[in-house]
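Observations on the three-dimensional arrangement
The residues making up each chain are set out below.
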Amino acid sequence: MSQSLADSTADAAGTALGPARPLEARSGPEHKRHVDLRRLLRFVLHRPGLLLSVVIVVLVVLASFWPGLFTSQDPLKGLPTENFRGPGGSHWFGTDELGRDVFSRVVHGAQLSLKATLIAVLVAFVVGGLLGVVAGFVGRWVDDVLMRFVDVLLTIPALFMSLAIVTALGYGTVKVAVAVGIASVASFARVARSEVLRVRQAVFVEASRASGARWYSVLGRHVLPNAAGPVIVLATLDFGSAILAVSALSFLGYGAPPPAPEWGTLISDGRNYLANAWWLTTLPGLAIAATVLATNRIARALDGEWSRQ
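These numbers come from a predicted model, not from an experiment.

1. Here we look at helix H11 (residues 215-251)
- An ideal rise of 1.5 Å per residue puts 54 Å on 37 residues; H11 reaches only 47 Å between its terminal C-alpha atoms.
- Most pronounced at Leu-224, the bend in H11 amounts to some 45 degrees, and the proline Pro-225 follows within four residues.
- Following H11 by one or two positions, Gly-253 has its phi on the positive side, about 100 degrees.

2. Quick look at unusual backbone geometry
- Although it is not a glycine, Phe-84 sits at a positive phi angle of roughly 55 degrees.
- Counting through the fold element by element, Phe-84 comes out in the loop between helix H4 (48-65) and helix H5 (102-138).

3. Some remarks on the side chain of Thr-291
- Here Thr-291 lies in helix H13 (residues 279-308).
- Overall, the relative accessible area of 4% leaves Thr-291 in the buried class.
- The contacts of Thr-291, once residues within four sequence positions are left out, are Ile-56, Val-60, Ile-243 and Trp-263.

4. Quick word on the pattern of salt bridges
- Counted according to the given criterion, the structure contains six salt bridges.
- Across the salt bridge formed by Arg-100 and Glu-97, the nearest N and O atoms sit 4.0 Å from each other.
- With a relative accessible area of 8%, Arg-100 lands in the buried category.
- You can call Glu-97 partly exposed: its relative accessible area is 22%.
- Ionic pairing is found between Arg-148 and Asp-151, a salt bridge with its closest N-O pair at 3.0 Å. In this pair, Arg-148 and Asp-151 both sit in helix H6 (residues 140-155), three residues apart, roughly one turn of the helix.

5. Considering the environment of Trp-92
- Tracing the backbone shows Trp-92 in the loop between H4 and H5.
- Considered as a pair, Trp-92 and Ser-104 are twelve residues apart in the sequence and their alpha carbons are 9.2 Å apart.
- Here the side chain of Trp-92 touches Gly-89 through a polar contact of 3.4 Å, landing on its backbone oxygen.

6. Quick word on the confidence of the model for the protein
- With 84% of its residues at a pLDDT of at least 70, the protein reaches an overall mean of 80.
- Confidence, read as mean pLDDT per element, is least for helix H2 (residues 20-26) in the protein (41) and greatest for helix H8 (residues 173-183) (91).
- Confidence drops under a pLDDT of 50 for residues 1-35, and excluding neighbours within four residues, the segment shows two contacts in the predicted structure.

7. Focus: the nonpolar core
- Counting residues in each nonpolar core, the largest one holds 50 residues, and the members touching the most others are Leu-146, Val-176, Val-180, Phe-188, Ile-243 and Trp-263.
- The element best represented in this core is H5, accounting for twelve residues.
- Not counting chain neighbours up to four residues away, the residues in contact with Ile-243 comprise Thr-117, Trp-263, Ile-288, Thr-291 and Val-292.
- Val-196, Ala-202, Val-205 and Val-223 belong to the second largest nonpolar core, which has ten residues in total.

8. Concerning the side chain of Ser-64
- Relative to the helices and strands, Ser-64 is located in helix H4.
- On the accessibility criterion, Ser-64 (4% relative accessible area) is buried.
- Among residues more than four places away in sequence, those in contact with Ser-64 are Ala-110, Gln-111 and Leu-114.

9. Things to note about the environment of Val-292
- Looking at the element boundaries, Val-292 is found in helix H13.
- Among the residues examined, Val-292 registers a relative accessible area of 7% and is labelled buried.
- When the C-alpha positions of Val-292 and Ser-241 are compared, they lie 7.3 Å apart, and in sequence the two are 51 residues distant.
- Ignoring sequence-local partners within four residues, the contact set of Val-292 consists of Gly-240, Ile-243 and Leu-244.

10. With respect to the environment of Glu-195
- With respect to the helices, strands and loops of the structure, Glu-195 is situated in helix H9 (residues 185-200).
- Each C-alpha atom, one on Glu-195 and one on Gly-136, is 8.1 Å from the other, the two residues being 59 residues apart in sequence.
- Setting aside chain neighbours within four positions, we find Glu-195 in contact with Ala-227 and Pro-230.
- A polar side-chain atom of Glu-195 sits 2.7 Å from a polar atom in the side chain of Arg-198.

11. Some points on the packing of aromatic side chains
- Tallying each qualifying case throughout the model produces seven aromatic pairs.
- Judged by centre distance (6.0 Å) and plane angle (50 degrees), the ring pair of Phe-65 and Trp-66 falls under tilted. The burial state of Phe-65 is the same as that of Trp-66; both residues are exposed.
- Summarising the aromatic geometry, the rings of Phe-125 and Phe-188 are spaced 6.3 Å apart at their centres and angled 80 degrees between planes, so their arrangement reads as edge-to-face. Note that Phe-125 is positioned in helix H5 and Phe-188 in helix H9, a separation of 63 residues in sequence.
- Note on Phe-188: relative accessible area 0%, which makes it buried.
- Taken together through their ring pairs, the aromatic side chains of Trp-92, Phe-93 and Phe-103 make up a single cluster.

Cut-offs used in this document
The residue numbering used here restarts from 1 in each chain and proceeds along that chain's sequence as written. Note on the predicted model: pLDDT of at least 70 is required for a residue's local features to be given, and 80 or more for side-chain atom pairs to be given and counted; whole-chain, interface and lining totals, by contrast, use all residues. Side-chain descriptors were evaluated using all non-hydrogen atoms of the structure, hydrogens and water having been removed beforehand. The numbering of helices and of strands both runs from the N terminus, where a helix is a DSSP run of H or I of at least 4 residues and a strand a run of E of at least 2. In this analysis, the expected span of each helix is defined as 1.5 Å times one less than the number of residues it contains. We define the bend at any residue as the angle between the axes fitted to the seven residues before and including it, ending there, and the seven starting there. Think of it in three bands: residues with accessible area under 20% of the maximum for their type are buried, residues over 50% are exposed, and the middle band is partly exposed, with areas taken using a 1.4 Å probe on protein chains only. Residue contacts are counted whenever heavy atoms from the two residues lie within 4.5 Å of one another. Take a side-chain nitrogen of Lys or Arg and a carboxyl oxygen of Asp or Glu: if they are within 4 Å of each other, that pair is a salt bridge. Pairs of N or O atoms within 3.5 Å make up the polar contacts considered here, provided that, within protein, one atom can donate a hydrogen while the other can accept it, and that residues adjacent in sequence are counted only when both atoms are side-chain atoms. Per-residue confidence from the predictor is reported as pLDDT, which spans 0 to 100. Definition used in this section: a nonpolar core is a set of buried Ala, Val, Leu, Ile, Met, Phe, Trp, Tyr and Cys residues joined via side-chain atoms within 4.5 Å. Note on ring pairs: Phe, Tyr and Trp rings are taken, using the six-membered ring of Trp, and paired if centres are within 6.5 Å. Classes follow the plane angle, with under 30 degrees stacked, over 60 edge-to-face and the rest tilted.

Here it is in structure tokens:
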């Protein structure tokens, strides 16, 4: 009787465990990636504005790395006989005073502007994030000294600081990018410090310290991964602001020298012909505005809408 009871118990356990194996298989990493991808696609497709923003950013990135996909015309050569041609089938954005195709100059200018923007955001992210992490994780007098330095940076308007730095460094796309990045360090340091302070007081961090983990292990395995999210979102938001700052400095003549087709330089060159050639400034300006609004829409979706779901 005891043998039959053991057999029936084993059969019941086997029956109970049988359906559980496919569930474990379905809940593996591949299934999670599949579910997350479906959620992401549904999240984007249900928001037309976000979908349009993603398309615009993808087009700008493609134009930056492969401008030949959009135009085959040389942005530096023109025909004087075709100067000041309005937008049309042969020249989508018209031509400038030298007969150069404005659309090809906008497309090729995306490479210079995006390069400067990426450098600026990277400088702000690395330097500001490092200051914030050190201040928040070490604390004590180190926190006081670093945050007072950040407070001094916050009192100076970003554009004025960028102008001062680029005047000291000299003209050029990379120097403009470094100046814009340094001017944005303070905001990244503030956000990184606040997130590190929040995560440092979490229960799992205290438990890791109590178990004897080294400080660098706690920082690398627990603090940085959990504090990086808001800083990455800030980098996405700062991307649009960096585009505007880089274009503004290029407009003032601090960017790449002519005839380099930077976006800000295109607007600066066309402002003298607003009366008879409005497209020289309007269409490059619309390209800048569309890129900035698209990056801000994506950052807002990452910061609020996606995190709530």
